[in-house]
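Here are the chains, one letter per residue:
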Amino acid sequence: MTLVSDAHDGHGARYRDRGGRQVVDHYGKPARVGKAVRNVVGAIEMGYGVLSVTGEDRVEFVDNAVSNRVPAEDGRGVYALLCDPQGGIETDMYVYNADERLLVFVPPERAQPVREDWAGKVFIQDVEVADVSAEFGVFGVHGPKSTEKIASVLGGPGAPEEPLTFVRGSMVDAGVTVIASDAPLGEEGYEVVCAAADAPDVFDTLVNRGLNAAPFGYRTWDALSLEAGTPLFEHELEGTLPNVLGIRNALDFEKGCYVGQEVVSRVENQGRPSRRLLGLALDGLSEDLAGIDGDADPDGVTDRLPDPGAAVFAGDAAVGDVTRAAVGPALEEPIAFALVDFDAAAESVTVRVDGTETSATRTALPFVEGSARSGRLPTYPSD
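Residues numbered from 1 in each chain as written. Predicted model: local features only at pLDDT ≥ 70, side-chain atom pairs only at ≥ 80, totals over all residues. Heavy atoms only, no water.

K.L.:
Sorry, what's going on with unusual backbone geometry here?
P.N.:
Excluding glycine, residues mostly have negative phi values, and the peptide bonds linking residues are mostly trans. Following Leu 365, the chain continues to Pro 366 via a peptide bond in cis, the omega torsion being 0 degrees. Within the secondary structure, Pro 366 sits in the segment after strand 19 (356–363). With a phi angle near 55 degrees, Val 172 is a residue other than glycine that sits in the positive phi range. Relative to the helices and strands, Val 172 is located in the loop between strand 10 (166–171) and strand 11 (174–180). Given a relative accessible area of 43%, Val 172 falls into the partly exposed group. Although it is not a glycine, Asp 354 adopts a positive phi angle of roughly 55 degrees. Residue position: Asp 354 is located in the loop between strand 18 (348–353) and strand 19. Since its relative accessible area comes to 72%, Asp 354 is described here as exposed. (Helix = DSSP H or I, 4+ residues; strand = E, 2+ residues; numbered from the N terminus. Buried < 20%, exposed > 50% of the residue type's maximum accessible area, 1.4 Å probe, protein only.)

K.L.:
So what exactly am I meant to see when it comes to the pairing of strand 19 here?
P.N.:
The side chains of a regular strand alternate between the sheet's two faces. Pairing analysis gives three bridges linking strand 14 (residues 275–281) to strand 19, with the strands arranged antiparallel. If you follow Leu 280 over to strand 19, its bridge partner there is Arg 362. Note that strand 18 and strand 19 share six bridges and pair antiparallel. Within strand 19, the residue paired with Ser 348 across the bridge is Thr 361. Adjacent in sequence and paired antiparallel, strand 18 and strand 19 are bridged by two residues, among which Asp 354 carries a positive phi angle near 55 degrees. (Pairing = 2+ DSSP bridges.)

K.L.:
Honestly, the sheet that holds strand 5 (residues 76–83) in this entry has me stumped. Any pointers?
P.N.:
Strand pairs in the sheet, formed through backbone hydrogen bonds, run parallel or antiparallel to each other. The strand order across the open sheet built from five strands is 5-6-7-4-8, with neighbouring strands paired in antiparallel fashion. The open sheet has two edge strands with one neighbour each: strand 5 and strand 8 (128–131). On average, adjacent strands in this sheet sit at an angle of 25 degrees to one another, irrespective of strand direction. Sheet analysis places strand 5 next to strand 6 (residues 89–98), joined by eight bridges and oriented antiparallel. Considered in strand 6, the bridge of Leu 82 is made with Thr 91. Helix 3 (residues 58–65) rests against strand 4 (49–54), strand 5, strand 6 and strand 7 (101–106) of the sheet, and its axis sits at about 30 degrees to strand 7. Contacting strand 4, strand 5, strand 6, strand 7 and strand 8, helix 4 (residues 111–120) runs over the sheet at an angle of about 165 degrees to strand 8. (Axes fitted to C-alpha atoms, helices over the stretch in contact; angles between N-to-C directions. Contact = heavy atoms within 4.5 Å.)

K.L.:
Can you walk me through a negative patch on the surface in this structure?
P.N.:
Residues Glu 56, Asp 99, Glu 100, Asp 126 and Glu 128 make up a contiguous surface patch of negative charge. The topology assignment puts Asp 126 in the loop between helix 4 and strand 8. Residue classification places Asp 126 among the partly exposed positions, given a relative accessible area of 39%. (Patch = residues over 30% accessible without salt bridge, like charges linked within 9 Å, V, L, I, M, F, W, Y side chains within 5 Å. Areas by Shrake-Rupley, 256 points an atom, 1.4 Å probe, with all protein chains shown as cover. Salt bridge = Lys/Arg side-chain N within 4 Å of Asp/Glu carboxyl O. Lys, Arg positive; Asp, Glu negative; His and termini not counted. Charge placed at Lys NZ, Arg CZ, Asp CG, Glu CD.)

K.L.:
Explain the UniProt feature "binding site: substrate" (unreviewed entry) in the protein to me, please; I cannot follow it from the model alone.
P.N.:
Feature annotation in UniProt places "binding site: substrate" (unreviewed entry) on Glu 191, given in this structure's numbering. With respect to the element layout, Glu 191 can be found in strand 12 (residues 189–195). Beyond its immediate chain neighbours, meaning those up to four positions away, Glu 191 contacts Met 46, Tyr 48, Tyr 96, Phe 105, Val 138, Phe 139, Gly 140, Thr 177, Val 178 and Ile 179. In terms of polar contacts, Glu 191 uses its side chain to reach the side chain of Tyr 48, at 2.7 Å. (UniProt positions renumbered as here; feature names shortened; annotations may be inferred. Polar contact = N/O pair within 3.5 Å; in protein donor to acceptor, adjacent residues only side chain to side chain.)

K.L.:
Is there a simple way to explain the nonpolar core in this structure?
P.N.:
What tends to happen in soluble globular proteins is that the nonpolar side chains get buried as a cluster. Counting 49 residues, the largest nonpolar core has Tyr 79, Leu 81, Phe 105, Trp 221 and Leu 237 as its most contacted members. With five residues, helix 7 (residues 218–227) is the single largest residue contributor to this core. Excluding residues within four positions of it along the chain, Phe 105 makes contact with Tyr 48, Gly 49, Val 50, Asp 92, Met 93, Tyr 94, Tyr 96, Val 138, Ile 179, Glu 191 and Val 193. Judged by nonpolar contacts, the second largest core, of 26 residues, contains Val 4, Val 41, Val 167 and Val 207. (Core = buried A, V, L, I, M, F, W, Y, C linked by side-chain atoms within 4.5 Å.)

K.L.:
Explain the UniProt feature "domain: GCVT N-terminal" (unreviewed entry) in the protein here, please?
P.N.:
Using the residue numbers shown here, the UniProt feature "domain: GCVT N-terminal" (unreviewed entry) corresponds to residues 6–240. This span, residues 6–240, is 28% helix and 33% strand, and a straight line between its end C-alpha atoms measures 38 Å.

K.L.:
Where do I start with the environment of Pro 273 in this structure?
P.N.:
The residue Pro 273 is located in the loop between helix 10 (261–270) and strand 14 in this model. Accessibility expressed as a relative area gives 8% for Pro 273, which makes it buried. Linking Pro 273 and Gln 125, residues 148 residues apart in sequence, is a C-alpha distance of 36 Å. Once you skip the residues sitting within four places of it in the chain, Pro 273 turns out to touch Asn 243, Val 244, Val 267, Phe 342 and Tyr 380.

The following block contains the structure:
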């Protein structure tokens with residue numbers, strides 16, 4: 001289970017598996033909670049795997065492995081990718097310089113494979129890689145009032161301002177690290193890291209002390225991040241070229257070699273990839289979903305949406321596939337991400353849902369403008 005199962009159960013949590021780890025799916029009212037996060041503030045227990053990289057050569061070693069420049073200064077972090085030789089994304093990650101070690105946050109199913117891969121590549125370097133996932137609790141705090149929320153409960157320094165920088169302080173009697181997020185939900189946001197033993201007290205503090213925050217789960221996370229135009233590992237990133245996704249904040253084109261760099265750089269120099277990530281408004285489903293209460297029957301809503309892999313057509317030509325669909329909490333309309341041929345410029349397309357073609361309209365990202373803009377918002381050199 002999670003580190004704070006009792007608290008989740010008290011809020012009526014329903015769970016799901018995420019990469020071999022139990023996480024909260026929703027608390028029974030995902031649509032209503034999504035609006036609360038979009039309009040005020042919410043808190044979520046994050047399902048990360050966490051690696052610790054220590055030794056004198058830790059920064060150089062990880063920098064040589066990933067797609068972005070690893071910071072050499074304590075208190076700073078970066079969003080980066082680990083790619084295969086063909087340039088496909090093996091995992092995304094956040095790498096934080098925490099004084100005498102790097103802490104690497106990855107999708108939970110990627111922690112052990114990355115640890116084994118990196119440990120097997122250490123030769124004469126002074127580097128040790130350990131999976132420390134069980135040692136930490138990590139909570140996300142997101143929404144336009146998230147800075148106010150953090151200020152109401154954080155003892156010590158003020159909240160960090162620059163994305164992916166962090167400060168150390170306390171909440172109640174627990175030591176915490178507060179990281180300024182890169183706005184994956186399109187709102188101001190932070191991640192609060194604590195010792196696993198302190199996780200119940202920290203979660204209670206985030207939800208109930210100071211400015212109250214609505215607890216939310218991964219179903220709401222997926223819908224809000226879609227509204228914000230943020231591609232996610234488990235839906236869009238895995239196995240895909242970073243150029244196709246337009247996540248340029250994960251790439252440093254000036255740094256030294258890393259696995260897959262030649263492919264990524266070649267596609268970049270061509271000016272555009274073969275495919276791109278688009279936002280679609282699922283116009284044809286709006287009327288079908290209008291009568292369904294997303295809080296009373298959240299699974300009923302999900303069942304009406306196109307599945308991942310649903311075909312996208314421009315006229316009679318198949319031009320791509322849906323990666324994820326949801327009813328946007330702010331929009332209250334069905335929306336989707338699709339990977340499509342780069343030259344598929346038609347504004348109106350159709351999506352196959354249960355064997356039937358339903359109309360959709362290409363939509364600029366983000367779908368919703370919040371209090372911040374996602375750092376992963378897709379952009380392309382030719383845009």
